[in-house]
Amino acid sequence: MIHQFKFPLWTLAGFLAATVLCCKKPDIKGEEITVQQVNVSFRDTQVKIPMGDSSYTKTAATVDIPIRIALSDAAPSRFNIGVTVNYDTISQMIANNTLPDGVMLAQENYILPTTVDVPFGQDHAEFTLKVDLAVFEKYYGKTLALAIELTNPTKQNKLDATKKIVVVQISTTGIVPIDQIHYIYFADAGKTISVPVERPKNYTVGAGILNVPLNVNYTSTAGTGFYLKLSPNQDTIAKLIAANALPGTVGITAADFSLPDSIAFRDFNNSLSFPVTVKLAALTANPGKKIALAVDLITPSVYKLDSAKRTMVVVVDAEGLKYNPYSGTALQLPAAVGASVTIRAADFDLGGEGWGYHDNTDANIPNTYRPNEGVDIENNGGNIGFTADGEWLKYTVESPVTGDYDIGIALGTPNDGDRGVHVEVDGVNQTGRIPFTKTGDWSAWVYFHGTLHLTPGKHLVKFVWETGDTNLRDFVFTRKN
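The model shown is predicted, which means the values in this text are computed figures rather than measured ones.

S.K.: Which residues make up the overall build of the protein chain, and what values go with them?
M.R.: What the protein chain contains, in helices and strands, is six helices and 37 strands. Taking 23 Å as the expected radius of gyration for a compact globule of 481 residues, we find that the protein chain reaches 39 Å, considerably beyond that expectation. Counting only C-alpha atoms and orienting by the principal axes, one finds that the protein chain spans roughly 140 × 75 × 35 Å. A buried classification covers 43% of the 481 residues belonging to the protein chain. Total accessible area computed for the protein chain in this model is approximately 24,200 Å², and 52% of it derives from carbon and sulfur atoms. For the protein chain, the distance from the average position of its 40 positive side-chain charges to the average position of its 49 negative side-chain charges is 8 Å.

Okay, structure coming up:
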């Protein structure tokens, strides 16, 4: 037998009512939620900062701006809203001049979430736009702008097409006091860098190049690292020459010197140095003239350029650069009569082809000593080999007195024939042709002699092969009188 249980009608009705009540949930105001979808929009279509002290938060690194989203009702369930940037809107506003002095924020200058989570029962949401504080200095006096767009709300919620974009406009001067601006500048701006300066030396010479260091600083407290770029400035040099501010000087083109692609300040260090690399061929191409170049600081990733100190002028005097001893100091000749000093042939002056030496081939054939030079150096600096007619080497020497010096030249060759070399001092052939004969072998060294007359001070001694196919080991300078 099946037993049927019957309940009073009022009991069933009460049960159903209780079931319905327990499934309803209140929103944040304590009211029951009855909607299934909501419309989503920005609370404002324009946000201007600053708008009172509560419109943003300034930290040591960023300016944090709250952006508010409004819902048409309490969220019936948790859902997400996409966030993106609408670059076209700001571009059009700047082009139409509806945003005077506007600068669109670059992607590296801000942080923005890609989605916003809306909890159940909320009738609004909020996210933060973080803007790099340093960009305020870079564009100081301008209005920073960004158009933020809402996209793709989930759970079938809908966007209000008229309020899905908010244009954020940020006054740089309203956020950063002028006395806190970091200005980037050349440390020596306002004066010309004249090269050379010997003490302290403001250049280095390499193989065919001259490196001139330039110093850049920035004001105020040092912060995190950043970078900026460099650019040649030929107009400045042309104007200075036209105004006769650089007499006896010619401007060189960007092909005659090179700059780093960019320079970078390290974290919490507000000074740096970088080299301008000048081709020494630019000096030999302009005999009797100084050469000049100018460099501009441009496009810092952060902070602001000092417009009055962003250009540096460098003037190079070839006359002062002619002494470039390999050891760093000139070979000191003896003062006492009969005293001698020796210099290895492989220790010729710095400067490379056409400056410290001339070699008919680019390669250093043994490549064991001074491998970046074109001179063919054998036995790890023991001697010069593979020589040819017309090749030469320069050496910087310093004489303590006026007098004559015997120069003994250690040569080796197995070759017969009429052979000769000569030695010049400061461009003058003082020895005339020094003939020599077969020594028996490439390393059978015999000294052949000439006489040099020197005055006190530095001199350039130039050894010239009139005929090659001769090895050279060293030179011995002996005071004669």
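S.K.: Which residues make up the side chain of S55, and what values go with them?
M.R.: Mapping S55 onto the fold places it in the loop between β2 (46–49) and β3 (57–58). Assessed through its relative accessible area of 12%, S55 is described here as buried. Here M51 takes part through its backbone nitrogen, which lies 2.9 Å from a polar atom of the side chain of S55. Beyond its immediate sequence surroundings of up to four residues, S55 is in contact with I49, P50, I65 and P66.

S.K.: Can you lay out the pattern of salt bridges for me, pointing to particular residues and giving the numbers?
M.R.: Enumeration according to the criterion identifies 14 salt bridges in this entry. Here K191 ties to D188 by a salt bridge, and the two come within 3.6 Å at their closest N and O atoms. When salt bridges with common partners are traced through the structure, they connect D418, R433 and E466 into a single cluster.

S.K.: Residues and numbers for the nonpolar core, please.
M.R.: Inside soluble globular proteins, nonpolar side chains tend to come together where they are buried. I65, I69, L129, F136, I148 and I170 are the most contacted members of the largest nonpolar core, which has 40 residues in total. By residue number, the principal contributor to this core is strand β4 (residues 62–71), which donates five residues. Other than its neighbours up to four places away in sequence, I69 contacts V40, S41, F42, R43, I81, V116, H124, A125, F127 and L150.

S.K.: Which residues make up the packing of aromatic side chains, and what are the values?
M.R.: For the structure shown, the criterion picks out 13 aromatic pairs. With a centroid separation of 5.1 Å and 70° between ring planes, the pair formed by Y395 and F475 is classed as edge-to-face. In this pair, Y395 sits in strand β30 (residues 392–399) while F475 sits in strand β37 (residues 471–479), placing the two residues 80 residues apart along the sequence. Relative accessible area serves as the criterion here: at 2%, F475 is assigned to the buried category. Here a set of aromatic residues connected by ring pairs shows up, and it is made of Y218, F226, F265 and Y303. One residue, K309, lies across the ring of Y185, its end atom 5.4 Å from the ring centre. Here the basic side chain of K462 rests over the ring of W392, its NZ or CZ set 4.3 Å away from the ring centre.

S.K.: Tell me about helix α2 (residues 87–95), and name the residues and values.
M.R.: Regarding α2, the residues found buried are T89, I90 and M93. The arc enclosing the buried residues of α2, seen along the axis, measures out at 90°, which places them on a common side. Counted as exposed and oriented over 90 degrees from the buried face of α2: D88 and A95. In this structure, the buried side of α2 is in contact with β6 (102–104), β10 (143–151) and β12 (165–171). Between the side-chain oxygen at the start of α2 and the backbone nitrogen of D88 there is a gap of 3.3 Å, and the oxygen is on N86. Among the residues trailing α2, N97 stands out with phi positive, at a value near 60°.

S.K.: Please set out the pairing of strand β22 (residues 290–298) residue by residue, giving values where relevant.
M.R.: In terms of burial, β22 is largely enclosed, as seven of its nine residues are buried. The pairing of strand β17 (residues 226–232) with β22 spans four bridges and is classified as antiparallel. Bridge pairing in β22 places S231 opposite D296. Strand direction decides the pairing type here: strand β18 (residues 249–251) and β22, joined by three bridges, are parallel. Residue pairing for β22: V250 is matched across the bridge by I291. When β22 meets strand β24 (residues 311–317), the two strands line up antiparallel, connected through seven bridges.

S.K.: Tell me what's going on with the side chain of D306, and back it up with residues and numbers.
M.R.: Its location among the elements puts D306 in the loop between β23 (304–305) and β24. It is K309 that comes nearest to the buried, bridge-free D306 among opposite-charge side chains, at 4.7 Å. Excluding residues within four positions of it along the chain, D306 makes contact with Y183, I184 and Y185.

S.K.: Would you mind going over unusual backbone geometry in detail, with residue names and values included?
M.R.: In this structure, the amide linkage connecting I49 to the following residue, P50, adopts the cis form with an omega of 0°. Mapped onto the secondary structure, P50 falls in the loop between β2 and β3. In the segment running from V195 into P196, the intervening peptide bond is cis, with an omega of 10°. Position of P196 among the secondary structure elements: in the loop between β14 (193–195) and β15 (204–205). The phi dihedral of Q156 falls on the positive side, at around 65°, and the residue is not glycine. Take Q156: it is sitting in the loop between β10 and β11 (158–159). Unlike most non-glycine residues, N244 shows phi in positive territory, near 60°. Note that N244 resides in the loop between α5 (234–242) and β18.

S.K.: Requested: an account of the environment of V401, with residues and values cited.
M.R.: Tracing the backbone shows V401 in the loop between β30 and β31 (403–412). For the pair V401 and Y227, spaced 174 residues apart in the sequence, the C-alpha separation amounts to 53 Å.

Reading the values: rules and limits
Residues numbered from 1 in each chain as written. Predicted model: local features only at pLDDT ≥ 70, side-chain atom pairs only at ≥ 80, totals over all residues. Heavy atoms only, no water. Helix = DSSP H or I, 4+ residues; strand = E, 2+ residues; numbered from the N terminus. Rg over C-alpha atoms; globule rule 2.2 N^0.38 Å. Buried < 20%, exposed > 50% of the residue type's maximum accessible area, 1.4 Å probe, protein only. Areas by Shrake-Rupley, 256 points an atom, 1.4 Å probe, with all protein chains shown as cover. Lys, Arg positive; Asp, Glu negative; His and termini not counted. Charge placed at Lys NZ, Arg CZ, Asp CG, Glu CD. Polar contact = N/O pair within 3.5 Å; in protein donor to acceptor, adjacent residues only side chain to side chain. Contact = heavy atoms within 4.5 Å. Salt bridge = Lys/Arg side-chain N within 4 Å of Asp/Glu carboxyl O. Core = buried A, V, L, I, M, F, W, Y, C linked by side-chain atoms within 4.5 Å. Phe/Tyr/Trp six-rings, centres within 6.5 Å; stacked < 30°, edge-to-face > 60°. Lys NZ or Arg CZ within 6 Å of the ring centre and 35° of its normal. Arc of directions from axis to C-beta. Pairing = 2+ DSSP bridges.

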